[in-house]
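Each chain is listed here by its residues.
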Amino acid sequence: LIIKKMIIFNPLKEIIIWFEYIINFLPGKIGKLIRIFWFSIRTRKIFGVSVDTGCRFIMISNIEFGKGVGISRNCSFLADGGKIIIGDKTAFNENCHINASNGGTIKIGKKCPIGPNVVMRTSNHNFNNKNIYIQDQGHTSGNITIEDNCWIAANVTILNNVKIGKGSVIGAGAVVTNNIPENSIAVGIPAKAIKKIP
């Protein structure tokens, strides 16, 4: 069985994993230039994506990056079961977790500043059967849409089946479980629109 698994082993994939791990920790401007060059090739956006140290990308072929996207340290993008689409010049602060690993699509528009520690997840655990462990009940997936020019502040969590209208601001620490109209300021748990931006 072990020998059979070794035969299935994909050397190119393994080399890419090791190479990306190494370049993720190269410091300074040289490290940044190497990452820009490499991820430009991987995302087919020539010098269009800037990636800082410690970031990881799962199933990068299911992630579409616009031009001028900026990704700060320690961000994770998981698209092994779904899809992630990011518009031009959207910027991610440190420690963002963008997760479409169990299905669904995350679509973020143009020029959206995303604050540190933001979490977006397209799926939730099922938990309705008390006779089965929660982690064995599977997931329910949906989509997340964030339209152009939205500011998602620090420590926000955005769950599935949510649309945030263009020009909206989501206040720090909010948990978004329902749609937010365009040009709104939304805060709280769950997030609610409290003011219109004139």
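Described in the following lines is the structure provided in the data block. (Residues numbered from 1 in each chain as written. Predicted model: local features only at pLDDT ≥ 70, side-chain atom pairs only at ≥ 80, totals over all residues. Heavy atoms only, no water.)

### Topic: the pairing of strand β6 (residues 83-86)
Residues I84 and I86 line the buried face of β6, whereas the alternating positions K83 and I85 sit on a face that is not buried. Pairing analysis gives three bridges linking strand β3 (residues 63-65) to β6, with the strands arranged parallel. Considered in β6, the bridge of I63 is made with I84. Relative to strand β9 (residues 105-108), β6 runs parallel, the two sharing four bridges. Residue pairing in the sheet places K83 in a bridge with T105 of β9. (Buried < 20%, exposed > 50% of the residue type's maximum accessible area, 1.4 Å probe, protein only. Helix = DSSP H or I, 4+ residues; strand = E, 2+ residues; numbered from the N terminus. Pairing = 2+ DSSP bridges.)

### A closer look at the side chain of T90
As for its position among the elements, T90 is in the loop between β6 and β7 (91-92). With a relative accessible area of 0%, T90 lands in the buried category. A polar contact is formed between the side chain of T90 and the backbone oxygen of G109, at a distance of 2.6 Å. (Polar contact = N/O pair within 3.5 Å; in protein donor to acceptor, adjacent residues only side chain to side chain.)

### Section: the sheet that holds strand β2 (residues 56-58)
In space, the six strands of this open sheet follow the order β2-β5-β8-β11-β16-β19, with parallel pairing throughout. Looking at the sheet topology across the chains shown, the edges are occupied by β2 and β19 (175-176). In terms of strand pairing, strand β11 (residues 119-121) meets strand β16 (residues 157-158) through two bridges, oriented parallel. Its bridge partner lying in β16, V119 is registered against T157.

### Topic: the pattern of salt bridges
For the structure shown, the criterion picks out three salt bridges. K83 is paired through a salt bridge with E64; the nearest N and O atoms lie 3.0 Å apart. Residue K83 is located in strand β6, and its partner E64 is located in strand β3; the two are separated by 19 residues in the primary sequence. Accessibility expressed as a relative area gives 37% for E64, which makes it partly exposed. Measuring nitrogen to oxygen at the nearest pair gives 2.8 Å for the salt bridge that ties E94 to R73. Of this pair, E94 sits in the loop between β7 and β8 (97-99) while R73 sits in the loop between β4 (69-71) and β5 (76-78); the two residues are 21 residues apart in sequence, bridging distant segments of the chain. Take R73: its relative accessible area is 37%, and that puts it in the partly exposed class. (Salt bridge = Lys/Arg side-chain N within 4 Å of Asp/Glu carboxyl O.)

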